[in-house]
Amino acid sequence: MMKKINGFERFQRQVILKGFGEAGQFKLQESRVLVVGAGGLGCPALQYLAAAGVGMIVIADGDKVSASNLHRQVLYTMADVGRLKVDIAAERTHALNPDAHIDIHPHRLDQKNVLSVIKEVDIILDCTDNFTSRYMLNDACVLTDKPLVHGSVSRFEGQVGLFNVMMPDGRRSGHYRDLFPTPPMAGEVQDCSESGVLGVLPGIIGCLQAMEAIKWIAGIGDLLVDRLLTYDALHNHFMELTYEHREDTRRFHPEHEQAFLDTDYALSCGVGGDGRIISSAQFRELMKRGDIQVIDVREPNEVPSLEGRGHIRIPLGQLPALLYTLSPSPMVFFCQSGIRSLAAAKMASAHFGEHVPVYSLQDGIGYFLQNDQIMTI
């Protein structure tokens, strides 16, 4: 006899769907879903997973709400600025479905904790916005035989796909490294804080991620397996790229857990190497000591503007020709999110050599200002 469905009346409209029924609803109620990232993709995904009746939702995110999040991260309001995203997301997700168990991880998942977290769930949604997390999550899911719903957005385009699914013939479907075996070089691909994004786009892609998870759990429909769906919002076009699992990509992902723990994802994704990355706290200490050059490599129209605060502004594209204008003394580069500043730091390190300390501000100037309020360079 089937267990009783909690809150049956709430789900009546989908229970009456042919092919879904009480069996599909019960599968949702018994499912455990991990959403990594409670931002532009994670907010809509969380809302629809909870509203659909998923029984256990795990939310992982270490960030706090900032005003720049609000045009796309629709779980939050101005009153939430400064609070942890996971706390608010848990409150509002639980309000949508009081019968759901909501678990939170108020920190970024990394190699030390990600395997233990994903082993406890059925399916994972990658709602992050950086390549370090993207490749790490993909490899962790491959190691643990867990399906992964991929979502990404940039400017006016978004992508969604379902990776590493067990097929009827016993094989696993393709995964992220079958499409993109190795990460792009530092500065090669910009994230949303660098290139911008129209707020409604992550809402669309996050909803598609939730739909794929629900379909997989309920066992209905045609899944985006070995297919990457791309949405062009400006022209309202959907395009589909087909791919398959490739044996030649096996050498790019760890073969076992120890190899996974030993992999430096930050370095392989262009975070690290020449040009030392420093935190906001370390940046603040360097400024207190003085005798340090601070270089903004953003374009002139980018905000927040820091004119009159004693820094040097050299857009990244102009930096190779203007490195000679910098003195051979300690320097910190910053940009919107830390991607371009890292590329700039590597250029400067190559130009000045190891004897000149060169740094890149982690997470960018927006994160620094959000946490430090006032900046005097």
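Everything numeric here is computed off the predicted structure, so don't read it as measured data.

Further remarks concern helix H14 (residues 339–352). In this model H14 runs 20 Å from its N-terminal to its C-terminal C-alpha over 14 residues, within 8% of the 20 Å that 1.5 Å per residue would give. For H14, the tally of buried residues reaches 10 of 14 residues, placing the bulk of the element in the interior.

Core analysis: the largest hydrophobic core is formed by 45 residues, its most contacted members being Val33, Leu46, Leu49, Ile57, Ile59, Tyr76 and Leu125. The dominant element in this core, judged by the number of residues it contributes, is helix H9 (residues 200–218), at 7 residues. Excluding its chain neighbours within four sequence positions, the residues that come into contact with Ile59 are Val35, Ala38, Leu46, Val86, Ala89, Ala90, Thr93, Ile102, Asp103, Ile104 and His105. Core analysis: the next-biggest nonpolar cluster, separate from the first, contains 24 residues, Leu109, Val117, Leu137 and Ala140 among them.

We now examine the packing of helix H2 (residues 21–29) against H9. The description of two helices packed together rests on the angle between their axes and the distance between the axes. For the pair H2 and H9, interaxial distance at closest approach is 8 Å and the crossing angle is 110°. Considering their axes alone, H2 and H9 lie roughly perpendicular with respect to each other. With respect to the hand of their crossing, H2 and H9 are arranged in right-handed fashion. Of the residues in H9, those touching H2 at Gly24, Lys27 and Leu28 are Ile214, Ile217 and Ala218. Here the residues of the contact of H2 with H9 sort into 4 nonpolar, 1 polar and 1 charged.

Within this structure, the stated rule accounts for 19 salt bridges. Of the charged contacts in the structure, one is a salt bridge between Lys119 and Glu257, with a shortest N-O distance of 3.8 Å. Linking Lys119 in the loop between helix H5 (114–118) and strand E4 (123–126) with Glu257 in helix H10 (residues 257–262), this pair joins segments that are 138 residues apart in sequence. By relative accessible area, Glu257 is classed as partly exposed at 42%. Of the charged contacts in the structure, one is a salt bridge between Asp145 and Arg172, with a shortest N-O distance of 3.9 Å. Placement of Asp145 in the loop between helix H6 (131–144) and strand E5 (148–154) and of Arg172 in the loop between strand E6 (157–163) and helix H7 (176–179) is noted, with a sequence separation of 27 residues between them. Taken together, the shared-partner salt bridges connect Asp80, Arg83, Glu91 and Arg92 into one network.

What counts and how
Residues numbered from 1 in each chain as written. Predicted model: local features only at pLDDT ≥ 70, side-chain atom pairs only at ≥ 80, totals over all residues. Heavy atoms only, no water. Helix = DSSP H or I, 4+ residues; strand = E, 2+ residues; numbered from the N terminus. Expected span 1.5 Å × (residues − 1). Buried < 20%, exposed > 50% of the residue type's maximum accessible area, 1.4 Å probe, protein only. Core = buried A, V, L, I, M, F, W, Y, C linked by side-chain atoms within 4.5 Å. Contact = heavy atoms within 4.5 Å. Axes fitted to C-alpha atoms, helices over the stretch in contact; angles between N-to-C directions. Parallel < 35°, antiparallel > 145°, perpendicular 65-115°, else oblique. Left-handed = near helix turned anticlockwise from the far one by under 90°. Nonpolar A, V, L, I, M, F, W, Y, C, P; charged D, E, K, R; others polar. Salt bridge = Lys/Arg side-chain N within 4 Å of Asp/Glu carboxyl O.

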